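The residues making up each chain are set out below.
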Amino acid sequence: MRFTINLASQKYADARQFYLRWGAAVAALVLLTVFLGMKARFTYVTSQQSGRHIAELKEKIKVKEQEKGKAEAMLNQPENHDVRDQSSFWNDLFEQKSFSWTELFTDLEKIMPGRAFVLSVAPSPTSDHRLKLKMIIAGEKHGDAIELIKKMEGSERFRFPVLLFESTNALGKGPPLVQFTIETFYTPANWIQPEPSGAKEGM
């Protein structure tokens with residue numbers, strides 16, 4: 001009969017496996033710590049940059065608000081009331097999309113004489129919130145201007161056309177070109193025009 005006697009003072013343990021497992025765990029913790037440290041550093045740098053960017057934007061907004069305040073103060077001066085009213089009128093007009101360049105030129109095309117064409121158009125609001133057009137038209141003869149004015153008088157869009165100026169320009173060997181300036185009131189389609197207070201139509 002055989003007996004196994006352990007003469008060691010402590011129970012046997014596999015130290016190699018122990019150190020391998022704990023070494024791997026410690027290495028993983030070190031890597032995790034390094035990763036978290038780098039992420040924290042990146043977050044800190046990013047937040048610093050974002051803070052500076054936000055501060056710059058706030059400063060720009062502050063400057064713009066100051067400029068806006070100065071502009072509003074200038075417009076509120078009595079001598080600038082007309083400019084302010086016209087600016088407000090145009091802003092409302094374009095915001096409502098009731099004025100369209102495409103629509104204007106379509107209306108002009110319907111009444112334009114055969115070989116006449118538009119050189120320039122300058123719209124401007126009146127004090128009673130109507131729209132006045134100053135147009136330079138080119139044609140072959142004086143009769144083109146007369147024909148266009150007659151068609152404007154019969155149109156629903158154009159009112160009270162007036163021939164302001166006429167000139168003839170030679171074009172080399174070709175026939176002379178007649179340029180005439182016409183001023184007229186224009187009402188875009190679907191535009192509800194406010195009633196003028198105490199003003200006669202066309203004045």
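Above this text is the structure in question.
The notes below deal with the structure included here. As the structure is a prediction and not an experimental result, all values here were calculated from the model.

1. Overview of the overall build of the protein
Secondary structure assignment for the protein yields four helices and four strands. Here the protein holds 203 residues, and 21% of them are scored as buried.

2. What to know about the pattern of salt bridges
On inspection of all chains with the given rule, the structure shows six salt bridges. Two residues, lysine 64 and glutamate 67, come together in a salt bridge whose shortest N-O distance is 3.9 Å. Linking lysine 64 with glutamate 67, this pair stays in helix α1 (residues 15-75), spanning three residues, or about one helical turn. Accessibility expressed as a relative area gives 56% for lysine 64, which makes it exposed. Close ionic contact of lysine 141 with aspartate 144 constitutes a salt bridge, the shortest N to O distance being 3.3 Å. For lysine 141, a relative accessible area of 47% corresponds to the partly exposed category. A relative accessible area of 4% means that aspartate 144 is categorised as buried.

3. A closer look at the sheet that holds strand β3 (residues 158-169)
One open sheet holds the four strands; their spatial order is β1-β2-β4-β3, and the pairing between them is antiparallel. Every interior strand has two partners, whereas the edge strands, β1 (117-125) and β3, have only one. Each neighbouring strand pair of the sheet contributes to a mean axis angle of 15 degrees, computed without reference to strand direction. Bridge analysis of strand β2 (residues 131-139) against strand β4 (residues 177-186) gives nine bridges, and the strand direction is antiparallel. By the bridge assignment for β4, isoleucine 137 is matched with phenylalanine 180.

4. Quick word on a nonpolar patch on the surface
Residues Val26, Val30, Val34 and Met38 make up a contiguous nonpolar surface patch of roughly 360 Å² in combined accessible area. For valine 34, a relative accessible area of 44% translates into the label partly exposed.

5. Topic: the nonpolar core
It is characteristic of soluble globular proteins that their nonpolar side chains tend to be buried jointly. Counting 19 residues, the largest nonpolar core has Leu148, Met152 and Phe158 as its most contacted members. Elements with a contribution of two residues or more to this core: α3 (101-111), β2, α4 (142-153) and β4. Not counting residues within four places of it along the chain, the set of residues in contact with phenylalanine 158 comprises Leu104, Asp107, Leu108, Ile111, Leu133, Met152, Thr184, Phe185 and Tyr186.

6. Quick notes on the packing of aromatic side chains
Throughout the structure, instances matching the rule amount to two aromatic pairs. Between the aromatic rings of phenylalanine 158 and tyrosine 186, the centroid separation amounts to 5.1 Å while the plane-to-plane angle is 40 degrees, which identifies the pairing as tilted. Separated by 28 residues along the polypeptide, phenylalanine 158 in strand β3 and tyrosine 186 in strand β4 bring together distant segments of the chain. Comparing phenylalanine 158 with tyrosine 186 shows no difference in burial state: the two are buried. The ring of phenylalanine 185 has arginine 130 lying over it, and the distance from NZ or CZ to the ring centre is 4.2 Å.

Conventions used here
- Residues numbered from 1 in each chain as written.
- Predicted model: local features only at pLDDT ≥ 70, side-chain atom pairs only at ≥ 80, totals over all residues.
- Heavy atoms only, no water.
- Helix = DSSP H or I, 4+ residues; strand = E, 2+ residues; numbered from the N terminus.
- Buried < 20%, exposed > 50% of the residue type's maximum accessible area, 1.4 Å probe, protein only.
- Salt bridge = Lys/Arg side-chain N within 4 Å of Asp/Glu carboxyl O.
- Pairing = 2+ DSSP bridges.
- Axes fitted to C-alpha atoms, helices over the stretch in contact; angles between N-to-C directions.
- Patch = residues over 30% accessible without salt bridge, like charges linked within 9 Å, V, L, I, M, F, W, Y side chains within 5 Å.
- Areas by Shrake-Rupley, 256 points an atom, 1.4 Å probe, with all protein chains shown as cover.
- Core = buried A, V, L, I, M, F, W, Y, C linked by side-chain atoms within 4.5 Å.
- Contact = heavy atoms within 4.5 Å.
- Phe/Tyr/Trp six-rings, centres within 6.5 Å; stacked < 30°, edge-to-face > 60°.
- Lys NZ or Arg CZ within 6 Å of the ring centre and 35° of its normal.

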